[in-house]
Amino acid sequence: MTITRSRIALLAVVLLCSAVPAIAAESIPVNVTEEMLFADDPKEWLSVRRVSQPEYPKDLFKAGTTGHVDLGVTIDEVGAVRKIGTVVSNPVNPLFEKSARESVLYWSFKPAISKDCVPQIAEGNVRIWFDIRDGKEAISVSPLKPGQQWKC
């Protein structure tokens, strides 16, 4: 039995038409509400997408110095760090501050969204911890969302 081009084309159309409703039915919720669209979004705004690990300053590591740096950051509409505002370290240490500032410039955040569904510029704070555990560098990050911590 030979299969002609017209039969192959007809078979392809039948298969395609039968698959489209199944795909559409699985991907579209029946009752879409505003709560479904926006309920989780504010929880995710300004959360960290990508972290560039800060370097522990070698002289401070050798001296056993630990501390943390708090940075005020401005996040643009695509989630990039547009500006670093306040930088405060505890104890005050310019080397920790420099390392934190250099790494945060390469971080990426989920942008905030206005009620009109438009990404917008937002501000927040982040803390970078410089610790020594078991004789090794231990750098961790407290994100803009309270209650979570990322390990670098």
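Structure's up top.
So, here's what we can say about the structure. (Residues numbered from 1 in each chain as written. Predicted model: local features only at pLDDT ≥ 70, side-chain atom pairs only at ≥ 80, totals over all residues. Heavy atoms only, no water.)

Every buried residue of helix H5 (residues 94-104) is accounted for by Phe 96, Glu 97, Ser 99, Ala 100, Ser 103 and Val 104. In a view along the axis of H5, the buried residues occupy a sector of 165°, so they form one face of it. For H5, the elements touching its buried residues are helix H4 (58-63), strand E2 (67-75), strand E3 (81-90) and strand E7 (122-133). N-cap assignment for H5: the residue whose side-chain oxygen lies 2.9 Å from the backbone N of Leu 95 is Asn 93. (Buried < 20%, exposed > 50% of the residue type's maximum accessible area, 1.4 Å probe, protein only. Helix = DSSP H or I, 4+ residues; strand = E, 2+ residues; numbered from the N terminus. Arc of directions from axis to C-beta. Contact = heavy atoms within 4.5 Å. Polar contact = N/O pair within 3.5 Å; in protein donor to acceptor, adjacent residues only side chain to side chain.)

When you tally the buried positions in E2, you get eight out of nine residues, the bulk of the element. The sheet contact formed by E2 and E7 spans nine bridges and is antiparallel. Following the sheet pairing, Gly 72 is matched in E7 by Asn 125. Bridge analysis of E2 against E3 gives seven bridges, and the strand direction is antiparallel. Within the sheet, the bridge partner assigned to Asp 70 lies in E3 and is Val 88. (Pairing = 2+ DSSP bridges.)

Here we take up the environment of Phe 61. For Phe 61, the location among the structural elements is in helix H4. What makes Phe 61 partly exposed here is its relative accessible area of 25%. Placed 75 residues apart in sequence, Phe 61 and Lys 136 show a C-alpha to C-alpha distance of 8.6 Å. Sequence-distant contacts of Phe 61, that is, excluding residues within four places in its chain, are made with Tyr 56, Ile 132, Gly 135, Lys 136 and Glu 137.

Applying the stated criterion across every chain yields a total of five aromatic pairs. The interplanar angle of 75° and the centroid separation of 5.7 Å between the aromatic rings of Tyr 56 and Phe 61 together place this pair among those described as edge-to-face. Relative accessible area serves as the criterion here: at 3%, Tyr 56 is assigned to the buried category. Aromatic side chains Tyr 56 and Phe 130 sit 5.6 Å apart centroid to centroid with 85° between the ring planes, which places their arrangement in the edge-to-face category. Linking Tyr 56 in the loop between strand E1 (48-50) and H4 with Phe 130 in strand E7, this pair joins segments that are 74 residues apart in sequence. (Phe/Tyr/Trp six-rings, centres within 6.5 Å; stacked < 30°, edge-to-face > 60°.)

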